[in-house]
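# Observations on the model geometry
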Amino acid sequence: MEDFEGKKILVIQTHGVETPTRTYSPLFYAMAAAAMEIETMVWFTMNGTNQLKKGEAEKVQLDPTSNVTLKTMLEMAMDSDVQLRVCQQSLELWDMTQDDLIDGVEIMGATSIIELSLTYDHVMYF
Amino acid sequence: MAHEEVKGCIILKDLYYAVQDNTWVKVEGDDVVTVGMTDIAQSLAGPILHAKTKAPGTARKKGRPIATVESGKWVGPVKSPVTGEIIEVNEALAGDAQLINRSPYKDGWVVKMKASNLEAELAEMTTGDAAVEAYRQKIEQDGIECTHLEGSDTY
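Attention here is on the structure that accompanies the text. (Residues numbered from 1 in each chain as written. Chains lettered and ligands numbered in written order. Predicted model: local features only at pLDDT ≥ 70, side-chain atom pairs only at ≥ 80, totals over all residues.)

### With respect to the overall build of chain B
For the record, the criterion: Only DSSP runs of H or I covering at least 4 residues are called helices, and only runs of E covering at least 2 are called strands; the numbering of each starts at the N terminus. The reference for a compact globule is 2.2 Å times residues^0.38; the radius of gyration itself is calculated from the C-alpha atoms. With C-beta atoms placed from the backbone, the exposure class of a residue follows from how many other C-beta atoms lie within 10 Å of its own: 20 or more, buried; 12 or fewer, exposed; in between, partly exposed. For the purpose of contact definition, each residue receives a C-beta atom placed from its backbone, and two residues are in contact when these atoms lie within 7 Å.
Summing up its helical and strand segments, chain B has five helices and twelve strands in all. Over its C-alpha trace chain B gives a radius of gyration of 14 Å, about what one expects of a compact globule, namely 15 Å for 155 residues. Counting over 155 residues, chain B shows a buried share of 43%. A separation threshold of at least 6 residues defines the contact pool for chain B, and within that pool the share at least 24 residues apart is 66%.

### Quick notes on the interface of chain A and chain B
What counts is decided by this rule: Under the scheme applied here, ten amino acids are nonpolar (Ala, Val, Leu, Ile, Met, Phe, Trp, Tyr, Cys and Pro), four are charged (Asp, Glu, Lys and Arg), and all others, including Gly, are polar.
If you look at the interface, chain A gives ten residues, while chain B gives eleven residues. Grouping the constituent residues of the side of chain A that touches chain B by class yields seven nonpolar, two polar and one charged.

### Some points on the nonpolar core
The following threshold applies: Linking buried Ala, Val, Leu, Ile, Met, Phe, Trp, Tyr and Cys residues through C-beta atoms within 7 Å yields a set, and such a set is a nonpolar core.
Among the nonpolar cores identified, the biggest contains 42 residues, and I11, V25, V110 and V111 of chain B are the most heavily contacted of them. Among the elements that take part in this core, strand β2 (residues 9–12) of chain B stands out by supplying four residues, more than any other. What I11 of chain B contacts, discounting residues up to four positions off in sequence, is H3, E4, V6, A131, V132 and Y135 of chain B. Among the nonpolar cores identified, the runner-up in size contains 27 residues, and I9, L27, L52 and V86 of chain A belong to it.

### Some words on the sheet that holds strand β8 (residues 65–71) of chain B
For clarity, the threshold we go by: We call two strands paired when DSSP finds no fewer than two bridges between them. Axis definition: a line fitted to C-alpha atoms, limited for helices to the stretch in contact. Angles are taken between N-to-C directions and run from 0 to 180 degrees.
With respect to topology, three strands assemble into an open sheet ordered β6-β8-β9 (chain B), the strand pairing being antiparallel. With partners counted over all chains shown, the strands left at the sheet margins are β6 (48–53) and β9 (75–79) of chain B, one partner each. In this sheet, adjacent strand axes meet at a mean angle of 20° when their direction is disregarded. Bridge analysis of β8 of chain B against β9 of chain B gives five bridges, and the strand direction is antiparallel. By the bridge assignment, A67 of chain B is partnered in β9 of chain B with V78 of chain B. This element, helix α1 (residues 24–35) of chain A, spans β8 and β9 of chain B of the sheet and lies at about 20° to β9 of chain B.

### What to know about the environment of N50 of chain A
All names here are of chain A. With respect to the element layout, N50 can be found in the loop between β2 (39–44) and α2 (70–79). A tally of 20 C-beta atoms within 10 Å means that N50 is categorised as buried. In the structure, N50 is positioned 30 residues away from S80 in sequence and 22 Å away in space, judged by C-alpha atoms.

### Considerations on the packing of α1 of chain A against α2 of chain A
Residues and elements named next belong to chain A. To keep it simple, the criterion reads: When describing relative orientation, an angle under 35 degrees is termed roughly parallel and one over 145 degrees roughly antiparallel, while 65 to 115 degrees is termed roughly perpendicular and anything else oblique. By definition, any crossing whose near helix is turned counterclockwise from its far helix by less than a right angle is left-handed, and any crossing with a clockwise turn is right-handed.
It is the contact of α1 with α2, at a shortest axis distance of 10 Å, that shows an interaxial angle of 20°. As judged from the angle between their axes, α1 and α2 are roughly parallel. Judged by the sense of rotation from one axis to the other, the crossing of α1 with α2 is left-handed. For the pair α1 and α2, the contacting residues are Y24, L27, A30 and M31 in the first and L70, M73, L74, M76 and A77 in the second. When the residues that make up the contact of α1 with α2 are grouped by side-chain class, the tally is nine nonpolar, no polar and no charged.

### With respect to the sheet that holds strand β7 (residues 59–60) of chain B
Residue and element names in this part refer to chain B. Read across the open sheet, the seven strands follow the order β7-β10-β11-β5-β4-β3-β12; overall the sheet is antiparallel. Since the sheet does not close on itself, it has two edges, and those belong to β7 and β12 (126–127), each with one partner. Bridging between β7 and strand β10 (residues 84–89) involves two bridges; their strand directions are antiparallel. In the sheet register, R60 faces β10, and the bridge partner there is G84.

### So, helix α5 (residues 128–142) of chain B
Residue and element names in this part refer to chain B. Here is the rule: A helix's residues, less one, multiplied by 1.5 Å, set its expected span. Here, the arc refers to the directions that run from the helix axis to the C-beta atoms.
With 15 residues, α5 should cover 21 Å at 1.5 Å per step; its first-to-last C-alpha distance of 21 Å lies within 8% of that length. When we look at burial in α5, the residues that qualify are A131, V132 and Y135. One side of α5 holds all its buried residues, which, seen down the axis, span an arc of 100°. Every exposed residue of α5 that faces more than 90 degrees away from the buried side is listed here: D129, Q137, E140 and Q141.

### Brief notes about unusual backbone geometry
Residue and element names in this part refer to chain A. The backbone of E37 sits at a positive phi, close to 65°, despite the residue not being glycine. Assignment of secondary structure puts E37 in the loop between α1 and β2. Note on E37: 18 C-beta atoms within 10 Å, which makes it partly exposed.

### Examining α2 of chain A
Helical geometry note: an α-helix holds 3.6 residues per turn, so side chains three or four residues apart project in the same direction. Residue and element names in this part refer to chain A. Looking at α2, one finds that the buried residues are L70, M73, L74 and A77. Buried residues along α2 cover an arc of 100° about the axis, so they all sit on one side. Just beyond α2, the residue with positive phi is D81, at close to 70°.

Take it as geometry only, folks, not as evidence of what the structure does.
So this is what it looks like as structure tokens:
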């Protein structure tokens, strides 16, 4: 395996709890990147934001025979040192405030994410 | 080989374990160690699809990845339990990653390393009855039950 240390990937997630099959994979890719020592951030915007509302991700369970929910995936990503960030403007879209967010998620504005995206080696959009 | 079984999980008493990272170390002598994933780790991962090891010659500090492992439901690093240099990798894993599932302590070893601070780092791991007890607590606390693919090693 090549050494990717120092590389950075930004994953942009625009899908939320209303489309469960589109929620797990971006986090899975993010965890894969983190396992490869790539600095990884997931940026939640548009509908993606709603999965970060307390109590919502627990309701999304792709495999009913597994106890892994979307909340589990979010926690596993954070345990893997994946950084989770949410778009400030999209919080308003969902009538959410910082108090509504699960722990470990930071809020950033649009200009910050544009700045960041220019410094990352690769951006993946979902 | 002396072992104990807790909820189906095999723990070999003569290995050293980094319990939180679910890795084991076998001391081969001359500061050389073999490193692998535990039976618990392979059970939690489920059938492994790919295992990619770092190349021989790679220097690792304790805690840095020596490999990445992915199954259908999990992807993550295998964290090095020791500081040192990878001197050999298990080439067989590239063609059959489920060796880790079927034989976590034998044919499914991950890398061999030349350790640079072995004595001190072994002292931070657990072995023997202490390892069995540490895993017993972890297994009960996390509600773990080990599962084995067909053709797995028997003890």
